[in-house]
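Each chain, written out:
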Amino acid sequence: TASGKTALAIQLARAFSTEVVNADSRQVYRELPIGSAAPTAGERALVPHHLVGHCSIQQRYSCGQFEQDALQALSSIFAHHPVAILVGGSMLYIDSVCRGIDRFPEPDLALRAELTYQLEKEGPASLAKRLKDLDPLSYASLDLRNGARLVRALEVSLQTGVPFSQFKGRAAAARSFSIVKVGLCLSMAQLEQRIAQRVRDMVDAGLVQEARSLLPYRHLVALKAVGYPEMFDHLLGHSSLDEAIKLTCLHTRQYAKKQLTWWKRDEAIAWYHPDHAPQILIDLRNKLHHAIL
């Protein structure tokens, strides 16, 4: 996050005369252009972008739905171009396109809190009823008195759009395209500077005003993303704007570390400093030439 992915993606898409597919789980929401650092209208005018602002925060948009939408977008691009650019920072979204949803996701803490609240207020029977509709196999096999198991099964099913029972033993999905992965990495000191500058730019662009317009919806899962809870606390009088900015920077740094931990395990990623775009382009031309042949 804050490494310059959007700018690089546009540069690469123009170099290959192709289009970009967004893989950021918050940029899919049309109400969050500032806080999600979505590509601007000017940037999208340079290169066609898919799956940016195409749904509302009032919809539950799962990783499974994203996988379907992204594969459809890629198919439409490949009908006219040999190369497409997938760009984003959402780990599970990217994995869903590259290998399918083939492992249990990281916990969605906001969704878990929502389900736990339902468990406490309504009891396990209400969760069991939801699970029966979403995942009959899990409903048949789980102890329906075990609230924690019900919460976890529902959390995964709702988060991904794939029944909890289908995760066991799944192999990576076959794809009809080759994949070349590029990661952007820089020192933590440089990243902290970029994050601080980006948060200031967001505030200057109207992040506080955007958050104010979203206050009635602050309970929604889409608005648990970094930046919005901090601004909501400020607007509700629980913190100053300076404190909200500092917390947003801190939580963004923590998210960046989580991203690195996740992707450092992927040996297929070639890592570059964001300033090395010319070398990235040269290397990609070579790799893609062999892949297309």
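Residues numbered from 1 in each chain as written. Predicted model: local features only at pLDDT ≥ 70, side-chain atom pairs only at ≥ 80, totals over all residues. Heavy atoms only, no water.

## Looking at the nonpolar core
Now for step 1: Core analysis: the biggest nonpolar cluster contains 65 residues, and Y29, I57, F66, Y228 and M231 have the highest contact counts within it.
Now for step 2: For F66, the contacting residues outside a window of four places in its chain are N22, A23, L51, Y61, Y93, S96 and V97.
Now for step 3: V20, I85, L184 and I280 belong to the second largest nonpolar core, which has 19 residues in total. (Core = buried A, V, L, I, M, F, W, Y, C linked by side-chain atoms within 4.5 Å. Buried < 20%, exposed > 50% of the residue type's maximum accessible area, 1.4 Å probe, protein only. Contact = heavy atoms within 4.5 Å.)

## Let's talk about helix 9 (residues 188–205)
Now for step 1: The terminal C-alpha atoms of helix 9 lie 25 Å apart, and with 18 residues this matches the ideal 26 Å at 1.5 Å per residue to within 8%.
Now for step 2: The set of residues buried in helix 9 consists of L191, I195, A196, V199, M202 and V203. Relative to the axis of helix 9, the buried residues are bounded by an arc of 135 degrees and lie together on one face. Exposed and facing more than 90 degrees away from the buried side of helix 9 are Q193, D204 and A205.
Now for step 3: Tucked into the core, helix 9 has its buried residues touching helix 10 (207–214), helix 11 (228–235) and helix 12 (241–263). (Helix = DSSP H or I, 4+ residues; strand = E, 2+ residues; numbered from the N terminus. Expected span 1.5 Å × (residues − 1). Arc of directions from axis to C-beta.)

## Overview of the sheet that holds strand 3 (residues 85–87)
Now for step 1: Taking strand neighbours across the sheet as the criterion, the three strands line up as 2-1-3 in an open arrangement whose pairing is parallel. Since the sheet does not close on itself, it has two edges, and those belong to strand 2 (49–50) and strand 3, each with one partner.
Now for step 2: The pairing of strand 1 (residues 20–22) with strand 3 spans three bridges and is classified as parallel. Within the sheet, the bridge partner assigned to V21 lies in strand 3 and is L86.
Now for step 3: With respect to the sheet, helix 1 (residues 5–15) is in contact with strand 1, strand 2 and strand 3, its orientation differing from that of strand 3 by roughly 180 degrees.
Now for step 4: Strand contacts of helix 3 (residues 63–78): strand 1 and strand 2, with the helix running at about 175 degrees to strand 1, the strand carrying the most contacts. (Pairing = 2+ DSSP bridges. Axes fitted to C-alpha atoms, helices over the stretch in contact; angles between N-to-C directions.)

## Some remarks on the pattern of salt bridges
Now for step 1: Enumeration over the complete set of coordinates arrives at seven salt bridges.
Now for step 2: Here R60 and E114 are joined by a salt bridge, their closest N and O atoms 3.4 Å apart. Pair noted here: R60 is in the loop between strand 2 and helix 3 and E114 is in helix 5 (residues 109–122), with a separation of 54 residues, a long-range link.
Now for step 3: A cluster of three or more residues bridged by salt bridges with shared partners is formed by R112, R152 and E155. (Salt bridge = Lys/Arg side-chain N within 4 Å of Asp/Glu carboxyl O.)

## Side note on unusual backbone geometry
Now for step 1: The phi torsion at A37 lies on the positive side, around 55 degrees, for a residue other than glycine.
Now for step 2: With respect to the element layout, A37 can be found in the loop between strand 1 and helix 2 (41–46).
Now for step 3: A37 gets classed as partly exposed once you look at its relative accessible area, which sits at 24%.

## Focus: empty space enclosed by the protein
Now for step 1: Under the criterion given, the structure shown has one cavity of 30 Å³ or more.
Now for step 2: The space that makes up the largest cavity amounts to roughly 40 Å³.
Now for step 3: Taken together, V180, K181, V182, A270, Y272, I280, D283, L284 and K287 make up the lining of the largest cavity.
Now for step 4: Looking at the lining of the largest cavity, the elements with two or more residues in it are strand 4 (181–184), strand 5 (269–272) and helix 13 (277–292).
Now for step 5: The element contributing the most residues to the lining of the largest cavity is helix 13, with four residues. (1 Å grid on protein atoms, 1.4 Å probe; cavity = no way out; pocket = protein on both sides within 12 Å on 5 of 7 lines; lining within 4 Å. Points joined across faces, edges and corners; volume = space filled by probe spheres on them.)

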